[in-house]
Amino acid sequence: MTTNQPTPKPAAQPGKPAASQVQKEDAMWLQKEMINKNYHDLAVAHDVGRKVSATFVPGNLNELLMCFDFARSLPETNALQNGLRKKSGKMIMDAEREGHSEDVCTYVKADLGMMQAGQIGPTGEKLPVPDVLVLSYTGCFTFMKWFELVRQKYDCETTMLHVPYQGDGKISENMVQYVVKQLKEEVIPTLERVSGVKFDIDRLREYMKESVNAEEDLVAVLQSAKNRPSPIDGYFGGVYYIGPMFTAFRGTPEASKFYSVLRGEIEERVRRKQGPITPDGEMTEEKYRLVVEGPPNWTSFRDFWKMFYEDGAVVVASTYSKVGGVYDFGFRHDADHPLESLARYCLGCYTNLNFPQRIDMICKYIDEYQADGLLINSIKSCNSFSAGQLLMLREVEKRTGKPAAFVESDLVDPRYFSAANIKNRLESYFQMINQKRRATAGAATAH
Amino acid sequence: MSLKEVVGRCEALFEDLHFKSVRDWKAAAPGRKAIGFMPIYVPREIIHAAGMLPVGIFGGGDQIEVIQGDAYYQSYICRIPRSTIELGVTGRLDGLDGMLFPSICDVIRNLSGMWQIMFKDKYVRYFDVPQNFKDGVGGEYYVHEMEILRDDLAKLAGREVTDDDLRNSIRVYNDNRKAVRDLYAYRAQKPWQAPTSEVYLVVRAGMVLPPEEHTTLVREYIAAAESENRPRRDNARVVLTGSFCEQPPLGLIKSIEMAGCYIVDDDFHLVTRWHLQDVEVDGNPLWNLSKSFLHRSADTPSKYTERREDKGRFLVESVRKSGAEGVVFAAASFCDPALLERPMLLEVLDKHGIPYTAFKFAENTGQMAPIREQAGTFADSIKLWSAA
């Protein structure tokens, strides 16, 4: 599939003209189909006798969960999909009315608010109460409270996988063995009991082999942004690219197909020296190349993206696109050492890296992707990402000599997105980059 | 020492944010070192066994103006990391040779990496603790983590930290824990004799004093308080919870008491009461610390509750044991663990028919009138309606 064909568009629906005007790559439409199909699978899971698991994106054990035939729900994805569809604001306020603090993570409140309102999922179908909560406690303390809250409400079976933080900036054998032991002694026995399916490690190996195919293609896609112009946006577009890999599809043939199609499209764009596809069509002039740290805002996702592409800014690398696994520095699931490999995957997720590692990664991206600077989108809800980002900004500026900027928003709370403020800051930032370029050019001429 | 002298000494230690007592302790003998730690829990025995002074760093309270620290954090982050950075960048923590950042939350976790960048000449370690409570799983992991700490501190000290050193330190801290447990029991029994505004200071002194000295001080306080004849008021007996990390200003504790509440249990300075019983001395000391951590330690929102039916049990038990009539939730603003935990605990309290009230604070909260009014109304409601 190549992009010299007209981009397929959804059939126009009465009263919904906007959707038909949105432009996406073929793979983006395919991704949307996959996500929607997963919601349908979840909705009918109990009717067809399937058990349902819920787990978090970072450190998700998708291949392992598939070994037990679970339908797989990811509450963060549910919250963000509700955010994209402008449904999360009410859910958050409903949760706050029930006594949840305005200070805490809005993913949690959007999830709890959705439950309060009858578990109607983003696509309008009722989602089942999970049969098991797999508390993959990777890189975020809030996850622990989140599933304790869900368990309190629904009395779901819960299994904890504690993944130690890389405080020293490395993965020790002690950490790996701790995670493996938990898998063997806690997680797998619980999943066997809840599902009634016996664990088969060879089945796990097969899924992991499938994962590697997709991981290779995903890395090729993300690294295509090293080209000029970049054929992708590694942040706003990146969230489409990571969708299947970070959710219920890693290890499936569908994911392998998706990433193969995507890679083909992107390689074709590289050959044609085309810029990324935005909701308003192809970006024809690349003026600024940025690295972005932090998750996106979902409730105003398209407006936020537009502030970039209408000024010719493309995100060539982002840390958010590593939140469900850091693959671009070499990690691949290893079917020969399946449990150790799952442990290393969990331990290596972006928010489980310590601060010096995160700064190193950003500096490396700025260098390797020839970026003009760093933009931090600091998310009120996510202390795991946000706490300390101002130091990160200063360190990156110091080490790279490239300008950095800071905007604030939230994940799914529409009350915390100020378009005017963000736009002002972005425009100032682009001016700053221009000044820096002029200064650099002036210095070069002087020599 | 008289009661006034004991409390006066503790107050002076509390107010000294230049940690002069720590510097004095170091200066008293060559080669002495001090290691800072943040809430909630670190095994202080290992630091002590290395011949070093464990120093609890609990933020800047309401006594310092945070200027530089604010430049590191967005408005929606709690206050303790910014005042801790303020302490660091203004040189107040220069007397510390290292800092430990225990696993409390994402903010303190990230602060460990920031500290590595900002204070490159110091020993800095994020100290993870297990959320799996099986000896062969979480225990093995934890013992290994403690071994790393022991080896690191031995290098820093320039000498080996032996098992006997550790056993001796466990003994010393068992004495200290016993003294603090006795103090808490005494306050629960006679809160008019040992008000929390004093008990807080006495326990807080243990964050900077050597444990042997602190144990003596606690015992002196209990004896001095008992010798006083203080008026007994018809106050409501409450458990205060949610303040396990960032500390409320002392004025807030006084306001709650002045509003008609006797605080008969709390979760301040949990490091002193983390182990609910004496830690076993004989045998492998690190395994003893581990077993005590896994099986006989306090509950806090930063610790996973394995079974749904155990959620809130520790708090309900605290209410029962201390003879409290209600619970005051006092959580720091933007404290994720406390604020996410709160709805679950409220539900459990509702089930047990235990009244509660809840508010947020910051360590530099200055306006006490609303808190005093809320606590007063709560105390009145307990006194007027609970017996009905």
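Residues numbered from 1 in each chain as written. Chains lettered and ligands numbered in written order. Predicted model: local features only at pLDDT ≥ 70, side-chain atom pairs only at ≥ 80, totals over all residues. Heavy atoms only, no water.

Student: Tell me what's going on with the pattern of salt bridges, and back it up with residues and numbers.
Tutor: All names here are of chain A. Applying the stated criterion across every chain, the model contains 66 salt bridges over all chains. The residue Lys 109 makes a salt bridge to Glu 96 at a minimum N-O spacing of 2.9 Å. Of this pair, Lys 109 sits in helix 6 (residues 106–116) while Glu 96 sits in helix 5 (residues 88–97); the two residues are 13 residues apart in sequence, bridging distant segments of the chain. A single burial state applies to Lys 109 and to Glu 96, both of which are buried. Lys 198 is paired through a salt bridge with Glu 192; the nearest N and O atoms lie 3.5 Å apart. Take Glu 192: its relative accessible area is 21%, and that puts it in the partly exposed class. Each of the salt bridges in this network shares a partner with another, and the network as a whole consists of Glu 96, Lys 109, Asp 413 and Arg 415. (Salt bridge = Lys/Arg side-chain N within 4 Å of Asp/Glu carboxyl O. Helix = DSSP H or I, 4+ residues; strand = E, 2+ residues; numbered from the N terminus. Buried < 20%, exposed > 50% of the residue type's maximum accessible area, 1.4 Å probe, protein only.)

Student: I'd love a proper account of the packing of helix 9 (residues 201–223) of chain A against helix 13 (residues 338–347) of chain A, names of residues and values included.
Tutor: Residue and element names in this part refer to chain A. In contact at an axis separation of 10 Å, helix 9 and helix 13 are set at 50 degrees when each is read in the N-to-C sense. Put simply, helix 9 runs oblique to helix 13. Listed contacts from helix 13 to Ile 201, Leu 204, Arg 205 and Met 208 of helix 9 are Pro 338, Leu 339, Ser 341 and Leu 342. Of the residues in the contact of helix 9 with helix 13, the class split is six nonpolar, one polar and one charged. (Axes fitted to C-alpha atoms, helices over the stretch in contact; angles between N-to-C directions. Parallel < 35°, antiparallel > 145°, perpendicular 65-115°, else oblique. Contact = heavy atoms within 4.5 Å. Nonpolar A, V, L, I, M, F, W, Y, C, P; charged D, E, K, R; others polar.)

Student: Please give an account of the pairing of strand 4 (residues 157–162) of chain A that cites residues and values.
Tutor: Counted residue by residue, strand 4 of chain A has five buried out of six residues, so it is predominantly covered. Regarding topology, helix 7 (residues 142–154) of chain A serves as the crossover connection from strand 3 (residues 132–137) of chain A to the parallel strand 4 of chain A, and that connection is right-handed. (Right-handed = clockwise from strand over helix to strand, strands pointing away.)

Student: Break down the sheet that holds strand 3 of chain A for me, with residues and values.
Tutor: All names here are of chain A. One open sheet holds the four strands; their spatial order is 2-1-3-4, and the pairing between them is parallel. Unpaired on one side and paired on the other, strand 2 (71–73) and strand 4 mark the two borders of the sheet. Neighbour-to-neighbour, the strand axes of the sheet open up by a mean angle of 20 degrees, direction not taken into account. Sheet analysis places strand 3 next to strand 4, joined by six bridges and oriented parallel. Along strand 4, the bridge assignment pairs Tyr 137 with His 162. Sheet contacts for helix 7: strand 1 (52–55), strand 3 and strand 4; angle to strand 3, the most-contacted strand, approximately 165 degrees. (Pairing = 2+ DSSP bridges.)

Student: Outline the nonpolar core, supporting the account with residue identities and numerical values.
Tutor: The biggest cluster of nonpolar side chains holds 282 residues, and the ones touching the most others in it are A:Leu64, A:Tyr107, A:Phe308, A:Tyr320 and B:Tyr221. Considering every element that reaches this core, the biggest residue donor is helix 8 (residues 173–195) of chain A, with 10 residues. With residues up to four places along the chain from it excluded, the contact list for A:Leu64 reads A:Leu183, A:Val187, A:Ile188, A:Leu191, A:Phe199, A:Leu204 and A:Leu342. Counting 16 residues, the second largest nonpolar core, distinct from the first, contains B:Val264, B:Val316, B:Val348 and B:Leu349. (Core = buried A, V, L, I, M, F, W, Y, C linked by side-chain atoms within 4.5 Å.)

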